[in-house]
Amino acid sequence: MELEKLLGELARPATTKMVLVVLDGIGGLPVPECGGKTELEAAHTPNLDALAQRSELGLAHPVLPGITPGSSAGHLALFGYDPLKYIIGRGVLEALGIGFPLEPQDVAVRANFATVRHTPEGIVVTDRRAGRPATEHTAKICALLQENIPEIEGVPVFIRPVKEHRFVVVFRSPELGEQVADTDPQAVGAPPLPPRALTPEAAKTAAIAAKFLERLAALLRDEPATNYALLRGFSRRPQLTLFPERFKLRAGAIAVYPMYRGLASLTGMELLPVAGETIAAEMASLKENWGGYDFFFLHVKGTDSRGEDGNWEGKVKVIEAFDRLLPEILALGPDALVITGDHSTPAVYRGHSWHPVPFLVHSRWVRSRRETQGFSEAACAAGTLGHFPLLYTMNLLLAHAGRLTKFSA
């Protein structure tokens, strides 16, 4: 029996409350120039360290050992969906994250405004993010494109801003396939790649996308920075057994970035309002909504952003900021609490890596080790949970919250 079906059969309603805190990209690597410590080891985290002594620790692999996960794969594993079974494109996540009403025939695409330079040989990318324009500027450009490109060959086109340089394009037709290669060359100084169909069913989508880029380039030719776009993550909305139905609970999601709101929405969690983009604002939302839900997903983005920027000190500061606010979660008295990440993003690596993520589970039922030396990669490596798949996160949360019945006779 596969895990998804097993948990669905064992899950039972209860009055207990669970919190899943995802410190995005929390895992790090030792940096010689920074005392040979990871960001988590260097951070001053008295609250996390004290909690670790009353919790069970381990290291979790988001997909498989040695496999570097994307954010969607890591979060799906956290939510109890096998990331090897459910491959979800970024286009769908971005669209759902901004509340776009996706229909079954829609192909959604995650897009970046970019800067290109025209040469006799063609165009080359000089900035893959167009200098990270303000979201307000992106919204104006999207409105201009929407007005001038409402459809292509009878296929309706929807263009919506997301955040900074990011926007979403949706092509609506039952004749489209989603298997189209990304156009982002992943490097400056290189030409954009053409939309290329990976299956015969996607040939029309690729042709529509190519014409969209032609029209966009003509409309934005005089823009100093946002004069082109790179397309990624062509995808359709998959069919999932929804999280609240699977686990028989009321689930609320607290996240700021659209993609993570999209992931939560895709699984059926209710998106809770956050008045701001700080961890403190997210904590306020948690407290305000505490009485209405059984399960809370709380996402912290800054750890990942600083890691991708190579900002070791910045990532340390985000960890410390969360630690200062951790007592606010504990004061609510969750019956089961997990603090972990969706993947590792070491600042020295400047990107996602394959290293397992630190994992902490706390409840009245844990087998804690008083000799635990705080919350760090090394402490988690010596923890009672050992190494295990991140896919088992919901197993542990549900069990510690008294929400799983006994298996078999």
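It should be noted that the structure appears before, not after, this text.
Structural notes, computed from the coordinates. Here the structure is a predicted model, which means the values were calculated and not measured. (Residues numbered from 1 in each chain as written. Predicted model: local features only at pLDDT ≥ 70, side-chain atom pairs only at ≥ 80, totals over all residues. Heavy atoms only, no water.)

Moving on, we get to helix α6 (residues 135–148). Taking 1.5 Å per residue, 14 residues should reach 20 Å; α6 reaches 20 Å between its end C-alpha atoms and fits that length. In this structure, the buried side of α6 is in contact with β3 (106–119), β6 (155–163), β7 (166–172) and α7 (203–219). (Helix = DSSP H or I, 4+ residues; strand = E, 2+ residues; numbered from the N terminus. Expected span 1.5 Å × (residues − 1). Contact = heavy atoms within 4.5 Å.)

Packing of helix α5 (residues 90–97) against helix α9 (residues 258–266) leaves a shortest axis separation of 7 Å and a crossing angle of 90 degrees. The angle between α5 and α9 falls in the class roughly perpendicular. Between α5 and α9, the contacting residues are Arg 90, Val 92, Leu 93, Glu 94, Leu 96 and Gly 97 on the first element and Pro 258, Met 259, Arg 261, Gly 262, Leu 263 and Leu 266 on the second. Of the residues contributing to the contact of α5 with α9, the split by class is seven nonpolar, two polar and three charged. (Axes fitted to C-alpha atoms, helices over the stretch in contact; angles between N-to-C directions. Parallel < 35°, antiparallel > 145°, perpendicular 65-115°, else oblique. Nonpolar A, V, L, I, M, F, W, Y, C, P; charged D, E, K, R; others polar.)

A few words now on helix α4 (residues 71–78). Judged by how many residues are buried, α4 sits mostly within the fold: eight of eight residues are covered. The inward-facing, buried residues of α4 abut β1 (18–23), α5, α9, β11 (295–300), β12 (336–340) and α14 (393–400). Positive backbone phi, approximately 90 degrees, marks Gly 80, located one or two places after α4. (Buried < 20%, exposed > 50% of the residue type's maximum accessible area, 1.4 Å probe, protein only.)

A few words now on the nonpolar core. Residues Phe 79, Phe 243, Met 269, Phe 295 and Phe 359 are the most contacted members of the largest nonpolar core, which totals 53 residues. Considering each element in turn, this core owes the most residues, five residues, to α9. (Core = buried A, V, L, I, M, F, W, Y, C linked by side-chain atoms within 4.5 Å.)

Our next topic: the sheet that holds strand β13 (residues 357–363). Strand order in the open sheet formed by eight strands is β10-β9-β11-β1-β12-β13-β2-β14, and the pairing between neighbours is mixed. Of all strands in the sheet, those bounded by a partner on one side alone are β10 (270–271) and β14 (386–389). As defined by bridge partners, β12 adjoins β13 across four bridges and the pair is classed as antiparallel. Across the sheet, the residue bridging to Leu 337 is His 362, located in β13. (Pairing = 2+ DSSP bridges.)

Purely spatial values, then, with no claim about function.
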